[in-house]
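Survey of secondary and tertiary structure
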Amino acid sequence: MAPKSKKPSDSNQKSKEKKVPFFKNEKFRFVVGLIIFLLAVYLLVAFISFLFYGAADQSKFDIKFKDFVLDRDIKVFNKAGKTGAYLSEIIINKGFGLASFLLVYMLGVTGLRIISKNLIRFRRNLVYSLILLVWVSLALGLVLTKHENGSFIYYGGRYGYIMCTWLGAMIGNIGLVFLLLVTGLILLIVRFEGFFPMMKKMLTPKPKPQKEESEMADEQGREVVFEDKTISKVIEQDDVIKAIFGPDDADDDEIDMEIERETEVPKVVQKPFAMPVDEDIHAEIHKNEDDDEEEYFGEGMGDYDPTLDLSTFKLPTLELLEDHKSGNAEVTNEELISNKNKIVETLRHYKIEITKIRATIGPTITLYEIVPAPGIRIAKIKNLEDDIALSLSALGIRIIAPIPGRGTIGIEVPNQNPEVVSMRSIIGSKRYQESTAELPVALGKTISNETYMFDLTKMPHILVAGATGQGKSVGVNVIITSLLYKKHPAELKFVFIDPKKVELNLYSVIEKHYLAKLPNEEEPVITNIQKVKNTLNSINIEMDSRYDLLKKAHARNVKEYNKKFTSRRLNPMKGHRFMPYIVVIIDEFADLIMTAGKEIELPIARIAQLARAVGIHMIIATQRPSVTIITGVIKANFPARIAFKVASMIDSRTILDQPGANQLIGKGDMLISANSDITRVQCAFVDTPEVEKICSFIAEQRGYPTAYLLPEYNDDEEGGPGEVDLGNKDEMFDDVARLVVMNQLGSTSMIQRKFSIGYNRAGRIMDQLEAAGIVGPSEGSKARQVLIQDEYSLEQLLNNLR
């Protein structure tokens, strides 16, 4: 009998939970709001008609209201009919005069607010409107009384006239004027934030300090505190949308919330790249060649301008980028309320009470920050990740427990209609345009809709990883585009390494502007494995050469060195030169490691360890974030890491040293680890045609005669296995290579035993394996190190050798 009696109670409880109070019903609110808004429109028509036809209708207002309304023979000229004419007479003439138009405004705003239109500072506007209603009525009552020529309008209304007469008798007309001026000035200062700095600037004899103070006042965020019991605070910032709702005094079934949105972000006009002209660049040097570099000043020549060779070069414009925003990407109130209620309900099922919820709406993710009640363990909420994802029917739910420095627990929920973050909006943002970073990189927008930027010189190297199709290649293009929009070709050079041969080939047309390569190299984008080795070793030589120059110049980094050089404190006759930043970008790092192994990893590790101070930075990308690819040496030297969506938690731990990347939603959703902080960012989207337009815009301008030439590197200096002719391999070479890789043991005696051959032949095959990069050099009596980790990589290498 017990189970039968339990079912009805469960169904009753479910129906009770689903029941919504009548006055909080969305349809009821919409109807009420619509009625109020239409009433405001009706009154507006009546008031305007009253201004034109009120004189003709005055004689009819002496009739009793009942007769005025019911008598069909009485006609009025007001376009809103008898009711409109009568209401206009009562509200304007017998009320507040022309200030009564503010009542129409308040009714309209209230109607829209009830319909759930998200109007900014709703309650504040109502308070200001009421104060202004009284002030205008009193002012018009003082200045414009009813005309003696029989005008039908009391401009200040009856209330304005009565108040003006009473105050005039109390303090006199001069006192009344003074009172109006003072209260009006106070109202302007409180209502408009820029008015007080402007007045202070006008009245202060020192304009410069006041100007700075005014600018600081304009840049400060505005905070609005509501006294409503269910709302704690709403913070309004330029690109931030937040709603805070506190369930302390709210009903158990529903928590009200209020949201403020900023629908438009102010556009910033892109500043042109102004380049000073050095007229004395070819002046003759009169200093003695034996003088120390610090003693060479180049007197009377002015600062050296590295951009002079391409003084007419123009940076790409915003018109080359497209706006990919879609019109239906807004997060609705219904979605916010539904998600919030489901989160609260799920937590209450496990007897977890909360004291406050805050919603921060981002382009693709909404962050719900909750403050649990005292005594609730954080680990208990963290373990409910799957339950919350089930209740919300959403993928990519991620719980941050706790949020560092906030004292809250974050629940990240994907938006039903995610917004595409266009590269145009990022490049045009105020933060990017006004950035003074040496190598500014703008990646996208955070959950709080703020542009995420960093200075590559402070990272200083980046590891990018993610599964196929999750936005990794787009992310690399975003990094390149950010740098191209800020740096002149004289200040920045790229080295592109692309084993797949198709990802970075778009940038080959800007070879004579931005690319660096080996001398006598035909292809600007490096794809051959042997040329990759030579290029990386050449960059090591360039790094050592730069360190020697820094040592001679007594400079700690490339920024200090270039500053000394441009101020002509370093003598070019002694080998000193301007050093552009060099950014090495490697796409599909896994293919290089599988093919060349240590020969690629070691020079990369050396560059990552030492090259920061001399202005050389690396960005490597891979779609296989396994421990065999991202080794401990690579992770130790790449502290900044970007993780797009990956397939498993193990891959996430390999990249970020913690889970999370496996819970992303894809399509540019990424986690950025920098300085021990994890930030979730929606990567900007730049399409291939946009990249082509940018490259074409640069390529059509005059460039340098050649690409930036790196130092020559000759890999024949080492000799030994390099002298082995791989064109004349032993017929057993392939089989021996498979055996060595399968057993991960490079032993000559093992080859002898397995293939029944002599020591000399086995030794020659081992030398060929070393020349091919399959095994390492001889270590005496020890077995050689095997450089190829798996058979798949070996087969790729063998195919390349055929």
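Below or above, wherever it landed, is the structure these notes cover. (Residues numbered from 1 in each chain as written. Predicted model: local features only at pLDDT ≥ 70, side-chain atom pairs only at ≥ 80, totals over all residues. Heavy atoms only, no water.)

1. Regarding the overall build of the chain
Counting secondary structure elements, the chain contains 27 helices and 18 strands. Counting only residues that meet the buried cut, the chain has 47% of its 802 residues in that class. Within the chain, counting contacts between residues at least 6 apart in sequence, those at least 24 apart form 69% of the total. Carbon and sulfur atoms provide 54% of the accessible area of the chain, an area that totals close to 41600 Å². (Helix = DSSP H or I, 4+ residues; strand = E, 2+ residues; numbered from the N terminus. Buried < 20%, exposed > 50% of the residue type's maximum accessible area, 1.4 Å probe, protein only. Contact = heavy atoms within 4.5 Å. Areas by Shrake-Rupley, 256 points an atom, 1.4 Å probe, with all protein chains shown as cover.)

2. Some points on the nonpolar core
One finds Leu443, Leu456 and Phe494 to be the most contacted residues of the largest nonpolar core, which totals 112 residues. Of the residues forming this core, the biggest block, eight residues, is contributed by helix H17 (residues 529-553). The residues contacting leucine 443, other than those within four sequence positions of it, are Tyr452, Phe454, Gly475, Val478, Ile479, Ile642, Met670, Ile672, Gln682, Cys683 and Ala684. (Core = buried A, V, L, I, M, F, W, Y, C linked by side-chain atoms within 4.5 Å.)

3. Quick notes on helix H22 (residues 649-656)
Within H22 the residues assigned to the buried category are Asp651, Ser652, Thr654, Ile655 and Leu656. The arc that holds the buried residues of H22, viewed along the axis, is 165 degrees, so those residues lie on one side. Looking at the buried side of H22, the elements it contacts are strand E10 (462-465), helix H21 (632-637), strand E15 (640-644) and strand E16 (669-674). Of the residues flanking the end of H22, it is aspartate 657, one or two places downstream, whose phi is positive at about 65 degrees. (Arc of directions from axis to C-beta.)

4. Examining the pairing of strand E9 (residues 451-455)
Most of E9 is tucked away: five of the five residues are buried. Here E9 shows a buried face lined by Thr451, Met453 and Asp455 and a second buried face lined by Tyr452 and Phe454. Relative to E9, strand E8 (residues 440-446) runs antiparallel, the two sharing five bridges. What sits directly across from valine 441, in E9, is phenylalanine 454. Hairpin connection from E8 to E9: four residues lie between these consecutive antiparallel strands, with asparagine 449 at a positive phi of about 65 degrees. (Pairing = 2+ DSSP bridges.)

5. With respect to the sheet that holds strand E17 (residues 677-683)
As summarised here, the arrangement of the nine strands in space is E9-E8-E17-E16-E15-E10-E14-E13-E11, forming an open sheet in which the pairing is mixed. Since the sheet does not close on itself, it has two edges, and those belong to E9 and strand E11 (492-497), each with one partner. Pairs of neighbouring strands in the sheet enclose a mean axial angle of 25 degrees, with direction left out of account. Each of E11, strand E13 (581-586) and strand E14 (616-622) is contacted by H17, which is oriented at about 155 degrees to E14, the strand it contacts most. H22 rests against E10, E15 and E16 of the sheet, and its axis sits at about 160 degrees to E15. (Axes fitted to C-alpha atoms, helices over the stretch in contact; angles between N-to-C directions.)

6. Thoughts on the packing of aromatic side chains
The description of an aromatic ring pair uses the distance of the two centres, along with the angle that the planes make with each other. A full pass over the atoms with the stated rule returns seven aromatic pairs. For the pair tyrosine 452 and phenylalanine 454, a centre-to-centre distance of 6.3 Å together with 65 degrees between the ring planes defines the contact as edge-to-face. The residues tyrosine 452 and phenylalanine 454 share a single accessibility class, namely buried. Each residue in the set Phe313, Phe494, Phe496, Tyr507 and Tyr514 is aromatic and connected to the rest through ring pairs, giving one cluster. Its guanidinium or amino end placed over the ring of tyrosine 432, lysine 486 lies 5.3 Å from that ring's centre, counting from NZ or CZ. (Phe/Tyr/Trp six-rings, centres within 6.5 Å; stacked < 30°, edge-to-face > 60°. Lys NZ or Arg CZ within 6 Å of the ring centre and 35° of its normal.)

7. What to know about a nonpolar patch on the surface
A cluster of nonpolar side chains, contributed by Phe178, Val182, Leu185, Ile186, Ile189, Val190 and Phe196, occupies part of the molecular surface with about 620 Å² of accessible area. Take the nonpolar patch: its biggest share by element is six residues, from helix H7 (residues 157-191). With respect to the element layout, phenylalanine 196 can be found in helix H8 (residues 195-203). The partly exposed category is assigned to phenylalanine 196, whose relative accessible area is 43%. (Patch = residues over 30% accessible without salt bridge, like charges linked within 9 Å, V, L, I, M, F, W, Y side chains within 5 Å. Salt bridge = Lys/Arg side-chain N within 4 Å of Asp/Glu carboxyl O.)

8. A closer look at the environment of valine 775
Along the polypeptide, valine 775 turns up in the loop between helix H26 (759-771) and helix H27 (791-801). Assessed through its relative accessible area of 1%, valine 775 is described here as buried. For valine 775, the residues in contact, after removing those within four places along its chain, are Val740, Met766, Leu769, Glu770, Arg784, Gln785, Val786 and Leu787.

9. With respect to the pairing of E13
Along any regular strand, the residues point their side chains to alternate faces of the sheet. Within E13, six of the six residues are buried, which leaves it mostly tucked inside the rest of the structure. Alternating positions in E13 separate into two faces, Tyr581, Val583 and Ile585 on one and Ile582, Val584 and Ile586 on the other, with burial throughout. Where E11 lies against E13, six bridges are found, and the strand directions are parallel. Bridging across to E13, isoleucine 497 finds its partner in isoleucine 586. Strand direction decides the pairing type here: E13 and E14, joined by five bridges, are parallel. Within E14, the residue paired with isoleucine 586 across the bridge is isoleucine 620.

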